[in-house]
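# Survey of secondary and tertiary structure
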Amino acid sequence: MGLFNAIDEFFTGPAAEVEMMSASEQREQAQRLNELQDEEETFGLTEKSSANIRQLSSSSNSCSGNASNDSGGSVKLLLSLIGGFVAIYLTYEYGVGNGVKVSSSDGSINHPTILPTDTSTNLDAGPTTFTKETLHDTRQAATEFIDLLHNYYGGENKAKAMLVESWQAHWNLEKDAILSYNDGVDDRNNDDNDDDDSVNNPGERSLGKKKGVKKAKNILNNPDNMTPEELSQHHHHKKERTTKLVTTMARALLNPEQTKFTIGTIGSSVAAGHDNCHYDSYESQLERTLTPIFAAAKMDLQVQNAGEGGGCGDSHKNQVFCVAQNLSPDVDIIHYSWTYFEKGGAEEQREQLVRWAQHMPRRPMVHHLVARGKANTCMADSAENVALDRTYASYGYNAFCIQTGLYFGGHDYDTEIANDQNRFGWQNHGDGYHNTTRYGEALPDDDPRKESLGVVYRNWHPGPLGFQIASDAFAYVYISGLLLALDIIEEDTESGANVFERWFDTSAGRRVLDVEEADRHVGQRQLLQLPPLEKMPDPHFCHPLYCNTPHPPSCLNYELPTFGPAGIHADSVTDDWSLWHEPNKWNYMVGKVDIAIFKKKNDPEWFEKCTHLDACGGMTTSGKGTGKIVYDLPVEQMTAGLVVICVCCGKKISESMVLNNDNMVFKLNDRVLDKKDMDLYPVDKCVRLLKGFEEDGYEKDEKMLLSVEVLGGETEVKISHVIVL
């Protein structure tokens, strides 16, 4: 029983990360009303009733001080309650669309607490902690950062070319490009006339014959090759993509219950930062870069690195199923990076991830980091990538390639390669623009760490300088989106619009106050509407049975690291099983140069900074051991009927450890599962026990218990994942 409690505590611990700040007295009252009115979930609002909310809210506020002298107090009290219930419904709509989950004291998940519904245009008057002073401080910190990158990369145009225009799909980070006076729904015939300069002037990309880095023969997403109709669609997709970015930032800033902005990465050893210190991974650099800006907004910033090396046998194919545990469920942006594992067909996993992410509380954008890239495009010469870019533009999907970003700065890598200087080769120093990272420049010239930080690629893994441009590209785009959000929030305040209604009121599909066209001010221009979940497009590459679920998969991942709570829990565990993790030391997967540097320093603080987070793990029985684990599957989250178990460690270990092991028995509600019906899925270390309710003849019961029993034998069993959908 002690082992079971220890395991449960291990996996439920991260749930505390989901909890938000304690609410004020006003929001606590709204929360109590919310708990009493669950039936309000099905309450519908028309545009007229939405407009009346402000009148109810204003009325209830104005009469609160005269209640004792008001003979109609009971009527006003009733109106106040109705206004509260309606506000709760708006909060529920926000929670479903793009909100946050709030953990109650008993651990259950309730709707987000109430957001302002009055017509105040004063940021300081609302319950949000984001005031005018905060807006000013945030803008100043963000602007200083953008200016820093402009200077660092040799000017604004060059910085934008490398950090913005080199992305796989195009952004439009101009405020007038995403705001308009039309209905905010369909402007596909609007030609923004904002083609990227790098596309119209391809000479800046240093296109030529090269070794190691390929030039794309045909860029499918190139505006120069589009028909007028395709070009119009292209502009619309840019607007959709950028609108999602700006909306993500605005909602994080204004939401009174959100105190932390979270970016999370799932990926391979590239994402983990192997052959470098963990401190030098792009996630660590990005966190250090963005922290001061979000601190100015009175928010914490966390970049979660759930990257993991290939030694455990995992790949993108199984790890996307565990996104809601590997990362915090309330993540704002998701990064995905599996460059050297994607040997065809990876668009299926990326599409799965984008679609499942939309069912997480904040509907995070998914951005793909590619460790390499082509000289004139970030893999936009692939029809599959272009299909993802266009289909999921409104969800913010995009990709950045390290080498493409470097090429877009105009450095003549081709001539250097012809002269046997390949800056993208192993252990080469300097990227043609800088000889070390920005934080390396602060070190004394005789510090050996300074030279180590100037490596672009350690081997196939990027080095600190290679990671820096990835960090800078993400930071530049995100902070540009944040600045756009600040401009719109400020304009709404100055024009008399409700600063919260644009971002949170989705009840009538509106983004501004319902005013006459002639009375609209600049700050009341509209944004494109974010698509509702029920209008998710049909999948291109992933199976509808698994891609059209109303929830992301539930996962129990025993490997490290994980930042979210487990979605599956053990109902019982016999003492024959034990929890195991690979005992990695601080120098695990750290490059030899840095190991030597820090051994000489003998500084425990740096040993900790260098230590990578990833480690293989699992529930294990020793050879000849017996034991039984019973997993309580989350029935409410199971709509497809998929049940998968993965083992450790190796890419094809599941055949000998599971399928060909007669001493390993699986039962679902005491019914033995026939191994003849099982197959390897979604990767060779995993076995699909059940394909789906419809295909396998199983029906969903009120309680579903999966038992894994080992009857002895010579084979050691290590369970690394349990996945259901």
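One can find the structure itself at the top, above this paragraph.
What counts, and at which threshold
Residues numbered from 1 in each chain as written. Predicted model: local features only at pLDDT ≥ 70, side-chain atom pairs only at ≥ 80, totals over all residues. Heavy atoms only, no water. Axes fitted to C-alpha atoms, helices over the stretch in contact; angles between N-to-C directions. Helix = DSSP H or I, 4+ residues; strand = E, 2+ residues; numbered from the N terminus. Parallel < 35°, antiparallel > 145°, perpendicular 65-115°, else oblique. Contact = heavy atoms within 4.5 Å. Pairing = 2+ DSSP bridges. Expected span 1.5 Å × (residues − 1). Buried < 20%, exposed > 50% of the residue type's maximum accessible area, 1.4 Å probe, protein only. Phe/Tyr/Trp six-rings, centres within 6.5 Å; stacked < 30°, edge-to-face > 60°.

## Quick look at the packing of helix α5 (residues 132-152) against helix α11 (residues 282-296)
Packing of α5 against α11 brings their axes to within 7 Å, and their N-to-C directions diverge by 160°. Judged on the interaxial angle alone, α11 and α5 are roughly antiparallel. For the pair α5 and α11, contact is made by Thr134, Asp137, Thr138, Ala141, Ala142 and Phe145 and by Thr289, Pro292, Ile293 and Ala296, respectively.

## Section: the sheet that holds strand β7 (residues 398-401)
Taken in spatial order, the five strands make up an open sheet running β4-β3-β5-β6-β7, and their pairing is parallel. Bordering the open sheet on either side are β4 (300-307) and β7, each of which pairs with just one other strand. Averaged over all adjacent pairs, the angle separating strand axes in this sheet is 20°, with direction ignored. The pairing of strand β5 (residues 333-337) with strand β6 (residues 365-370) spans four bridges and is parallel. When the sheet's bridge partners are listed, His335 is paired in β6 with His367. Contacting β3 (260-267), β4, β5 and β6, α11 runs over the sheet at an angle of about 170° to β4. Sheet contacts for helix α14 (residues 347-357): β3, β5 and β6; angle to β5, the most-contacted strand, approximately 170°.

## Observations concerning helix α20 (residues 464-495)
In this model α20 runs 46 Å from its N-terminal to its C-terminal C-alpha over 32 residues, within 8% of the 46 Å that 1.5 Å per residue would give. A positive phi of about 95° marks Gly496, the residue just after α20.

## Examining the pairing of strand β11 (residues 617-621)
Most of β11 sits inside the fold, with five of its five residues counted as buried. The alternating pattern of β11 places Gly617, Met619 and Thr621 and Gly618 and Thr620 on opposite faces, both of which are buried. In the sheet, strand β10 (residues 578-581) pairs with β11 via four bridges, with the strands oriented antiparallel. Note that in β11 the partner of Leu579 across the bridge is Met619.

## Description of the packing of aromatic side chains
If you walk through the whole model with that rule in mind, you get 24 aromatic pairs. Residues Tyr282 and Phe474 carry aromatic rings whose centres are separated by 5.7 Å and whose planes lie at 35° to one another, so their mutual orientation is tilted. One end of the pair, Tyr282, is in helix α11; the other, Phe474, is in helix α20, and 192 residues separate them in sequence. A relative accessible area of 0% places Tyr282 in the buried class. A ring pair is formed by Phe424 and Tyr457, whose centres lie 6.2 Å apart and whose planes are at 85°; its orientation type is edge-to-face. Placement of Phe424 in the loop between α17 (413-418) and α18 (438-441) and of Tyr457 in the loop between α19 (448-452) and α20 is noted, with a sequence separation of 33 residues between them. Here Phe424 matches Tyr457 in class, with each residue buried. An aromatic cluster is defined as three or more aromatic residues linked by ring pairs; in this entry it consists of Trp167, Trp171, Tyr282, Phe400, Phe467, Phe474 and Tyr478.

## What to know about helix α15 (residues 383-391)
Turning to α15, its buried residues number three or more, namely Asn385, Val386, Ala387, Leu388, Asp389 and Thr391. Among the structural elements, α9 (228-254) and α14 are those in contact with the buried residues of α15.

## Points about the side chain of Ser268
Turning to its location among the elements, Ser268 is positioned in the loop between β3 and α10 (269-272). In this structure Ser268 comes out as buried when scored by relative accessible area, which is 1%. Beyond its immediate sequence surroundings of up to four residues, Ser268 is in contact with Gly307, Glu308, Ser337, Trp338 and Phe341.

## Some thoughts on the sheet that holds strand β15 (residues 671-672)
Taken together, five strands build an open sheet; the order of strands is β9-β12-β18-β14-β15 and the sheet is antiparallel. Of all the strands in the sheet, the pair left with one neighbour each is β9 (569-573) and β15.

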